[in-house]
Amino acid sequence: MELHTPFTFGQRVGNGTLFDLSAYLSQANAWLSTGRNTMPYQAEYIWMDGHQPTPMLRSKTKILDNSVKTPPIWGFDGSSTEQATGDRSDCMLLPVFTCPDPLRGGKNILVLCEVRLAQTGEPHPTNTRAKCAETAKKFAAHQMIFGIEQEYTMMRTNGRPFGFPEEGGEPGPQGPYYCGVGAGRVMGREIIEEHTWACIEAGLMIEGTNAEVMPGQWEYQIGAADALTVSDHLMVARWLIERIAEDHDVVISLAAKPQKGDWNGAGAHTNFSTKAMRSSYEAIEAACEALSKRVDQHVNNYGHDIESRLTGKHETAPYNKFSFGVSNRGASVRIPWQVARDRKGYAEDRRPNANCDPYVVTQLLLDTVCSNEKTPAKAAAKKPAGKKPAKKGKKK
Ligand SMILES: [Mg+2]
């Protein structure tokens, strides 16, 4: 048995990534010539480290035998990721989400992991996903879903924004760059095109992309889905953009305010709704009122350096002053105009930073909004006995 390809070697295929097919096939054929009729595949294990103030993504590769269907628990040296001391350095990687690896192709996969304590299997203190899972389970009846708009800024390896002139100085002021097209107005298009295809091929819930207000700043949207799904997909999408940009010698910054001065910061606007909000405007207002009572708790956990971004300028509300309003991009929480018209839908928390932890943001929104709502089950239980429920499809 020998493998052949219909492609010209080294051509761009699918997601635009230059994939050296000839090298891959010669490796594969060398393996087959050993007499074994199966070839191992690669699983890229991805996790959040303990770096402060903002955790970073880490990953490493495990070669799995072709017969392995589920990636096993693995481990790493936590003393090198700010997650353990040298004398008790082992940390556990617990796979929680897998998807096809769009960069390596074939049978290769990406494996998102929770970090667990090797000694007990309990969640590591840096593991924010476990708490999110607990809260999501507690409020499952509310059927809360999220859509996250991830902004980011491309930077040169010398720390200057990718959209700024290489020789120094600043580009023209903000205005023509948002959703722009054309040389001088848009920078880094190749990277975002590769990333979008990669997300689609990985099966992630990517909804769209756009160039942002500051040159070299971009956005993609992930969702809508429950807290764990949207956060898992976002973490893998974040890993993919970093991995793709690495090939272009471009750094992906999630900094809240990557460039001082009259330049927009980078956020992660989080759209949310419960089942009640999707059918009642009063529930949307009630959610906003609930958020107004826990301002500090949210803002303090929405990402490092939030004070530099939420200043009241550049389409933000001041971090210490909560407000909500219809169509208002200068409010902490915006209710879209069509939601106000339809008297149902969702709201957008505009406060989370680009560098926020999505498990923390969705956990807080779940807790604040759902603990303020009657659970659907309890509401049903309070109906007077003997009263027949309204027939489905008939509205009064
Ligand atoms: Mg945006």
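Residues numbered from 1 in each chain as written. Predicted model: local features only at pLDDT ≥ 70, side-chain atom pairs only at ≥ 80, totals over all residues.

A. Region of interest: the packing of helix H2 (residues 128-138) against helix H9 (residues 358-370). At a minimum axis separation of 9 Å, H2 and H9 run at an interaxial angle of 25 degrees. As summarised for this structure, H2 and H9 are arranged roughly parallel, according to the angle between their axes. Judged by the twist between their axes, the crossing of H2 over H9 is left-handed. Residue-level inspection shows Thr-128, Arg-129, Lys-131, Cys-132, Thr-135 and Ala-136 of H2 in contact with H9, the latter providing Tyr-359, Val-360, Thr-362, Gln-363, Leu-366 and Asp-367. Of the residues that constitute the contact of H2 with H9, the class distribution is five nonpolar, four polar and three charged. (Axes fitted to C-alpha atoms, helices over the stretch in contact; angles between N-to-C directions. Helix = DSSP H or I, 4+ residues; strand = E, 2+ residues; numbered from the N terminus. Parallel < 35°, antiparallel > 145°, perpendicular 65-115°, else oblique. Left-handed = near helix turned anticlockwise from the far one by under 90°. Contact = placed C-beta atoms within 7 Å. Nonpolar A, V, L, I, M, F, W, Y, C, P; charged D, E, K, R; others polar.)

B. Region of interest: the environment of Glu-246. Position of Glu-246 relative to the elements: it lies in helix H4 (residues 227-247). Judged by C-beta crowding, with 11 C-beta atoms within 10 Å, Glu-246 ranks as exposed. With 55 residues separating them along the chain, Glu-246 and Ile-191 place their C-alpha atoms 9.8 Å apart. (Buried ≥ 20, exposed ≤ 12 C-beta atoms within 10 Å, placed from the backbone.)

C. Quick peek at H4. With 21 residues, H4 should reach 30 Å at 1.5 Å per residue; the first-to-last C-alpha distance of 31 Å fits that figure. Among the 21 residues that make up H4, 15 are buried, leaving the element largely enclosed by the rest of the structure. (Expected span 1.5 Å × (residues − 1).)

D. Quick look at H9. Taking 1.5 Å as the rise per residue, H9 with 13 residues should run 18 Å; its terminal C-alpha atoms sit 17 Å apart, in good agreement. Summarising burial for H9: ten of the 13 residues are buried, a large majority. Those residues of H9 that fall on the buried side of the exposure criterion are Pro-358, Tyr-359, Val-361, Thr-362, Gln-363, Leu-364, Leu-365, Leu-366, Val-369 and Cys-370.

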